[in-house]
Amino acid sequence: MSTPNKDFEKVEVRVKWDPSDRGEAPNDLDIIAATYAADDPYGSPVYLVHHDSRAPDGTITLERDSRTGQGFGYDEVMTLELNRISESYTRVVVGVAIQQRDGRKTFGAIQNTGVQVREGYTTLSEDDFAAVDGSTAAVVAEFVRDASGVWRFHEVVRGFDGDPEAFAAAMGGREFGA
């Protein structure tokens, strides 16, 4: 079906941060994408994509992964090929979680954090996590497929306090504010 509405096809979510100070545990931020079924868009995710995985059909991949934040520009980049995702999925929620293996660390404790959502050369959203500086994770984007099959982008930065596993389980649920 053809529609005059703008549809999102291939989107990148990019995260940057500075390395920890010498002698401190590394700052390790991870992008996590959760995909939800059409018949249960706020239930449990059908699958997660993060540093150790990719979408079963290859539509969501982590292109760059950093455990330290060292380097120039964006340290982690995830690509979502929304135009290729099966119609059985109608919602994708993307978040950023800070690894907590060396003690509790929040966005406010990490220098020069930033997240950017882009399609091609167009920046859809940009944030520095300042509004959620006391959080250990945050939802940074939500994509919802409407009844006509068009993907809509919801710009959001919503903080969460907990480890990455708890965040991944809760990030797309109604009780988390999605």
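Above this text you will find the structure in question.
Quick caveat, the model's predicted, so the values are computed rather than measured. All residue numbers refer to position in the chain's written sequence, counted from 1. Predicted model: local features are reported for residues with pLDDT of at least 70 only, side-chain atom pairs are reported and counted for 80 or more only, and whole-chain, interface and lining totals are derived from all residues. Derived side-chain values reflect all non-hydrogen atoms in the structure, with water molecules and hydrogen atoms excluded from consideration.

Turning next to the sheet that holds strand β4 (residues 60–64). What links the strands of a sheet is backbone hydrogen bonding, and the strands pair in either a parallel or an antiparallel sense. Whether two strands pair depends on DSSP finding at least two bridges between them. Only DSSP runs of H or I with at least four residues qualify as helices, and only runs of E with at least two residues qualify as strands; both kinds are numbered from the N terminus onward. Pairing is antiparallel across the open sheet formed by 5 strands, whose spatial order is β4-β5-β1-β7-β8. The sheet terminates laterally at β4 and β8 (122–127), the two strands that pair on one side only. Each adjacent strand pair in this sheet contributes to an overall mean axis angle of 20°, direction not counted. Here 6 bridges tie strand β1 (residues 10–16) to strand β5 (residues 76–81), and the two strands are oriented antiparallel to one another. Looking at the pairing, lysine 10 lines up with glutamate 81 of β5. Axis geometry follows a simple rule: fit a line to the C-alpha atoms, using only the stretch in contact for helices, then measure angles between N-to-C directions, giving values from 0 to 180 degrees.

Our focus in this paragraph is the pairing of β8. Direction of pairing for strand β7 (residues 114–119) relative to β8: antiparallel, over a ladder of 5 bridges. Across the sheet, the residue bridging to glutamine 116 is glutamate 126, located in β8. The hairpin turn running from β7 into β8, its antiparallel successor, is 2 residues long, and glycine 120 in that turn takes a positive phi close to 60°.

Before going further, it helps to spend a moment on the pairing of β1. Using a 1.4 Å probe on the protein chains alone, a residue whose accessible area is under 20% of its type maximum counts as buried, one over 50% counts as exposed, and one in between counts as partly exposed. Only one face of β1 is covered, namely the one carrying Val11, Val13 and Val15; the face carrying Lys10, Glu12, Arg14 and Lys16 has none of its residues buried. The sheet contact formed by β1 and β7 spans 5 bridges and is antiparallel. Within β7, the residue paired with lysine 16 across the bridge is glycine 114.

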